[in-house]
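In case you want the letters, here they are:
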Amino acid sequence: MNSISSVTRSVWCDGDDNLHVRDDIKGVSESVVLTWNMLTEANVVKAGENRLLMSAEGKEMILECNLPCTSYIVTATTGNSYDPALPGVTRVGFKIPVEKGKDYDLKVTLKNNN
């Protein structure tokens, strides 16, 4: 079973209207790939291993992870009978390798790109 000692999440907007999500991860008990994700109706393209470019209604935003990771973009519709169909919605995020015995300060930022 994968487990950690504790995770403390902080979420805030700064003075420039950037959204920050910080996960303070302590005591990883086994090396695994951690998945951080969110859902969006925006158009999304990869802008690097740790960056995604999101666009909608003439606006662009960058979703960025501070740790070494692989960004991903997949449909939000799973096909599972217990999940609702989500046409036009995309699941985006990052796959972050974490090592046993280490702590991590994971920061994901959504910032204006215009």
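Shown above is the structure to which this text applies.
Values in this document were obtained by computation on a predicted structure and should not be read as measured data.

1. A closer look at the pattern of salt bridges
1) Next: Applying the stated criterion to the full structure yields seven salt bridges.
2) Next: The partner of Arg9 in a salt bridge is Asp23, with the nearest N and O atoms 2.6 Å apart. Taken together, the positions of Arg9 in strand β1 (residues 4-13) and Asp23 in strand β2 (residues 19-28) put the pair 14 residues apart, joining distant regions of the chain.
3) Next: We classify Arg9 as exposed; its relative accessible area is 52%.
4) Next: As a salt-bridge pair, Lys107 and Asp105 come within 3.5 Å of each other at their nearest N and O atoms.
5) Next: Taking the relative accessible area as the measure of exposure, Asp105 reaches 28% and is therefore partly exposed.
6) Next: Salt bridges linked by common partners bring Arg22, Asp105 and Lys107 together as one network.

2. Re the packing of aromatic side chains
Note on aromatic pairs: each is described by the distance of the centres and the angle between the planes.
1) Next: Inspection of the entire model under this criterion finds one aromatic pair.
2) Next: Between the aromatic rings of Trp36 and Phe94, the centroid separation amounts to 6.4 Å while the plane-to-plane angle is 45°, which identifies the pairing as tilted. With Trp36 in strand β3 (residues 32-40) and Phe94 in strand β8 (residues 90-98), the pair connects residues that are 58 residues apart, well separated along the chain.
3) Next: With a relative accessible area of 0%, Phe94 lands in the buried category.
4) Next: The ring of Tyr72 is capped by Lys95, whose NZ or CZ atom sits 4.9 Å from the centre of that ring.

The rules behind each value
Residues numbered from 1 in each chain as written. Predicted model: local features only at pLDDT ≥ 70, side-chain atom pairs only at ≥ 80, totals over all residues. Heavy atoms only, no water. Salt bridge = Lys/Arg side-chain N within 4 Å of Asp/Glu carboxyl O. Helix = DSSP H or I, 4+ residues; strand = E, 2+ residues; numbered from the N terminus. Buried < 20%, exposed > 50% of the residue type's maximum accessible area, 1.4 Å probe, protein only. Phe/Tyr/Trp six-rings, centres within 6.5 Å; stacked < 30°, edge-to-face > 60°. Lys NZ or Arg CZ within 6 Å of the ring centre and 35° of its normal.

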